[in-house]
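Each chain, written out:
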Amino acid sequence: MPTKQQTLAPPARTPRTHPVDALFSHGRLVAIPRKEARREQLLVHLADTLFERERSYTEREVNETLLTVHEDCSALRRYLVVAGLLVRPRDGSSYRRGR
């Protein structure tokens, strides 16, 4: 028989995951999520689907690739770099997949 304390405890929460597909309409990103966890989920998806691991990209190539999904390619590029999903040298001459 459960004790009074056990019956009052809230049920354990399971983390909810929302599919990244919900952020897209007709292959285009509707909006960049404001919530950090959701944005991270999107960024991982973009890095995995748009950029090859062993390839080096110019900034122009990164921008053109990101423009295929959203018009604010500079914001997406910056978020990808800050998240460590794209890495670049200090001069910004090239980009590579990170983690």
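Please refer to the structure placed before this passage.
Bear in mind that the values here come from a model prediction, so they are computed numbers and not experimental data. (Residues numbered from 1 in each chain as written. Predicted model: local features only at pLDDT ≥ 70, side-chain atom pairs only at ≥ 80, totals over all residues. Heavy atoms only, no water.)

1. Comments concerning the sheet that holds strand β3 (residues 56–57)
Definition in use: Only strands joined by at least two bridges in the DSSP assignment are considered to pair. Where helices and strands are cited, they refer to DSSP runs of H or I of at least four residues and of E of at least two residues respectively, numbered from the N terminus.
If you walk across this open sheet you meet the 3 strands as β3-β5-β4, and the pairing is antiparallel. In the strand order of this sheet, the two ends are held by β3 and β4 (86–87), each with one partner. Summarising the sheet, β4 and strand β5 (residues 95–97) pair through 2 bridges and their orientation is antiparallel. The residue bridging L86 from the neighbouring strand is R97, located in β5.

2. Some thoughts on the environment of H18
Where we set the bar: In what follows, a contact means two residues having at least one pair of non-hydrogen atoms within 4.5 Å.
Among the secondary structure elements, H18 is positioned in the loop between α1 (4–8) and β1 (24–25). Residues H18 and R38, spaced 20 residues apart in sequence, show a C-alpha to C-alpha distance of 8.5 Å. Filtering out sequence-adjacent residues up to four positions away, H18 remains in contact with R38 and Q41.

3. Some points on helix α3 (residues 59–67)
What counts is decided by this rule: Buried residues are those whose accessible area, probed at 1.4 Å on protein chains only, stays under 20% of the maximum for their type, while exposed residues exceed 50% and partly exposed ones sit between those limits. This arc describes the spread of directions from the helix axis toward the C-beta atoms.
Among all positions in α3, only V62, N63, T65 and L66 are buried. Looking down the long axis of α3, one finds its buried residues gathered within 165° of arc, a one-sided arrangement. Here the buried face of α3 lies against α2 (36–50), β3, α4 (73–82), β4 and β5.

4. Some thoughts on the nonpolar core
The condition that has to hold: As used here, the term nonpolar core means buried Ala, Val, Leu, Ile, Met, Phe, Trp, Tyr and Cys residues forming a set that is joined through side-chain atoms within 4.5 Å.
With 22 residues, the main nonpolar core has F24, L76 and L80 as its most contacted residues. Of all the elements in the fold, those that place two or more residues in this core are α2, α3 and α4. Ignoring any residue separated from it by four or fewer positions in sequence, one finds L76 in contact with L29, I32, L43, L46, L66, V69 and H70.

5. Description of the packing of aromatic side chains
To keep things clear, this is the line we draw: Put simply, two rings from Phe, Tyr or Trp (the six-membered ring, in Trp's case) pair if the centres are within 6.5 Å, and we call them stacked under 30 degrees between planes, edge-to-face over 60, tilted for the rest.
All told, the structure shown has 1 aromatic pair when counted by the stated rule. With 5.2 Å between their ring centres and 90° between their planes, F51 and Y57 make a pair best called edge-to-face. Exposure class is identical for F51 and Y57. Each is buried.

6. A look at the environment of L67
Among the secondary structure elements, L67 is positioned in helix α3. On the basis of relative accessible area, L67 is assigned to the partly exposed category, the value being 40%. For the pair L67 and R28, spaced 39 residues apart in sequence, the C-alpha to C-alpha distance is 9.3 Å. Residues contacting L67, with those up to four places away along its chain left out, are R28 and C73.

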